[in-house]
Amino acid sequence: MRGGSGEAAADAVSRAGGVGTVGSLTPEAETEAAKLLPFLAPGARADLQEAASRHVLALTGSGPGRTLLAGQAALLRALVELAAAPAPAPARDAARALVNLAADPSLHESLLAAAPGLPARLLGRALDPQWPWAEEAAAVLANLSREPAPCASLMEALTAAEPGEAGLERLVRALCTPGYNARAPLHYLGPVLSNLSQRPAARAFLLDPDRCVIQRLLPLTQYPDSTVRRGGVVGTLRNCCFEHRHHEWLLGPEVDILPFLLLPLAGPEDFSEEEMERLPVDLQYLPPDKQREPDADIRKMLIEAIMLLTATAPGRQQVRDQGAYLILRELHSWEPESDVRGTCEKLIQVLIGDEPERGMENLLEVQVPEDVERQLQELDRREQQEREQQERELSPEPHAEGAAPT
């Protein structure tokens with residue numbers, strides 16, 4: 001008798017889950033989606049919760065499905081409850097569904113309206129060293145915090161964390177501690193921190209000389225196991241470099257940030273003895289199998305961080321004195337991506353060009369008139385088009401498979 005009722009309940013979930021193939025938002029589809037709610041609610045049988053959350057996860061794989069769910073506030077609340085529910089609740093698919101929903105910025109308002117405490121709830125799970133789905137929770141936060149309003153909510157949640165330890169300190173400790181959670185790698189805490197570092201309060205925390213936060217992040221610029229974590233840390237460092245008042249400290253012996261930004265950009269080049277002596281010790285005599293950072297976006301962020309450090313005259317001098325030009329020169333010759341190569345060219349021009357005229361020494365404080373800024377943007381666009389055109393001429397595109405040659 002019990003087995004029969006279980007089969008009937010499972011059939012009900014399956015019928016309600018028929019909206020997984022929805023292609024348009026019809027009243028019937030909305031009704032069918034609403035039927036999933038009882039199976040997601042606390043107290044439902046674990047096997048039915050698992051089946052229902054699997055159907056919801058399938059829905060989040062399409063735009064119409066995500067939009068359909070965004071209109072179901074009660075279902076979203078149940079999904080959040082299930083995603084954060086303690087074991088043995090099947091929370092993983094629910095958490096993955098939230099990852100997909102949070103990846104669509106147009107749904108953030110609906111998510112936060114249905115579950116205003118979502119950032120704080122997921123933050124607690126992401127930083128729980130015993131929570132098996134902490135990576136999924138961190139991924140939801142990484143997607144949400146790309147937009148200003150959810151990022152502000154997350155910052156508030158960090159500020160309101162338990163007394164005795166700052167919320168941001170807990171986040172950094174989790175990110176920088178190997179094996180912090182034995183069941184979740186927590187790579188997505190990197191992008192979370194990068195997004196948070198766009199806010200002045202977060203940068204003030206990260207750049208507090210008494211906390212030694214930046215120094216703990218620097219080794220992760222070479223973290224071998226995750227592009228996501230490396231990119232998040234490099235993005236955080238770049239954002240911190242906007243604070244030109246801290247450049248002297250960042251470039252000085254207490255932090256010594258420049259070698260950590262240059263090393264991922266360096267290859268196995270063999271410099272002359274004279275050139276080698278100009279480089280920081282960590283960049284001298286690199287092994288012949290030394291590989292550059294493989295991700296183009298991360299290479300660009302590294303170059304942008306160094307560019308920001310050259311905003312002031314003392315910063316430019318320190319970057320020059322540490323032989324950055326030598327690494328950038330070789331990178332420019334090697335760089336396959338035109339966008340990254342263009343960014344590298346601009347930094348090289350700053351390093352080898354004449355110093356700005358008096359009163360214009362701090363490039364971050366120079367006010368560029370709007371018409372001049374438009375002209376510069378237009379020049380950038382034209383340069384990019386010319387580079388792409390030259391590359392097409394040098395390397396003709398192959399014929400598409402099966403297409404007749406012209």
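These lines cover the structure that appears in this document, whether it is placed above or below.

**Remarks on empty space enclosed by the protein**
Argument step 1. One pass over the structure, following the stated rule, counts one cavity of 30 Å³ or more.
Argument step 2. In this structure, the largest cavity spans a volume of roughly 30 Å³.
Argument step 3. For the largest cavity, the full set of lining residues is Ala-83, Ala-95, Leu-122, Arg-125, Trp-131, Trp-133, Glu-136 and Ala-137.
Argument step 4. For the lining of the largest cavity, the class distribution of residues is six nonpolar, no polar and two charged.

**Focus on the packing of aromatic side chains**
Between two aromatic rings, the relevant description is the distance of the centres plus the angle of the planes.
Argument step 1. Counted according to the given criterion, the structure contains zero aromatic pairs.
Argument step 2. Of note, Arg-125 hangs over the ring of Trp-131, and the distance from its end group to the ring centre comes to 4.0 Å.
Argument step 3. Note that Arg-229 overlies the ring of Tyr-223, its terminal NZ or CZ placed 4.8 Å from the centroid.

**Overview of the packing of helix α7 (residues 92–102) against helix α10 (residues 134–144)**
Argument step 1. Interhelical geometry of α7 versus α10 gives an angle of 15° and a closest axis separation of 8 Å. Taken together, the axis directions place α7 and α10 in an arrangement best described as roughly parallel. The element α7 and its partner α10 pack so that their crossing is left-handed. Counted together, Arg-92, Ala-95, Arg-96, Leu-98, Val-99 and Ala-102 of α7 and Glu-136, Ala-139, Val-140, Asn-143 and Leu-144 of α10 form the full contact between these two elements.
Argument step 2. Looking at the contact of α7 with α10 residue by residue, the class counts come to seven nonpolar, one polar and three charged.

**Looking at the pattern of salt bridges**
Argument step 1. Counted by the stated rule, this structure contains 18 salt bridges.
Argument step 2. For the salt bridge of Glu-269 with Arg-292, the shortest nitrogen-to-oxygen distance reads 2.5 Å. Taken together, the residues span a long stretch of sequence, with Glu-269 in the loop between α18 (258–262) and α19 (273–278) and Arg-292 in the loop between α19 and α20 (296–309) at a distance of 23 residues.
Argument step 3. Judged by relative accessible area, which is 22%, Glu-269 ranks as partly exposed.
Argument step 4. By relative accessible area, Arg-292 is classed as buried at 9%.
Argument step 5. A salt bridge links Asp-339 to Lys-300, with the shortest nitrogen-to-oxygen separation between them at 2.8 Å. Residue Asp-339 is found in helix α23 (residues 338–352), and its partner Lys-300 is found in helix α20; the two are separated by 39 residues along the sequence.
Argument step 6. A relative accessible area of 21% means that Lys-300 is categorised as partly exposed.
Argument step 7. Because the salt bridges share partners, they merge into one network encompassing Arg-92, Arg-96 and Glu-136.

Analysis parameters
Residues numbered from 1 in each chain as written. Predicted model: local features only at pLDDT ≥ 70, side-chain atom pairs only at ≥ 80, totals over all residues. Heavy atoms only, no water. 1 Å grid on protein atoms, 1.4 Å probe; cavity = no way out; pocket = protein on both sides within 12 Å on 5 of 7 lines; lining within 4 Å. Points joined across faces, edges and corners; volume = space filled by probe spheres on them. Nonpolar A, V, L, I, M, F, W, Y, C, P; charged D, E, K, R; others polar. Phe/Tyr/Trp six-rings, centres within 6.5 Å; stacked < 30°, edge-to-face > 60°. Lys NZ or Arg CZ within 6 Å of the ring centre and 35° of its normal. Axes fitted to C-alpha atoms, helices over the stretch in contact; angles between N-to-C directions. Helix = DSSP H or I, 4+ residues; strand = E, 2+ residues; numbered from the N terminus. Parallel < 35°, antiparallel > 145°, perpendicular 65-115°, else oblique. Left-handed = near helix turned anticlockwise from the far one by under 90°. Contact = heavy atoms within 4.5 Å. Salt bridge = Lys/Arg side-chain N within 4 Å of Asp/Glu carboxyl O. Buried < 20%, exposed > 50% of the residue type's maximum accessible area, 1.4 Å probe, protein only.

Shape descriptors only; they carry no functional weight alone.
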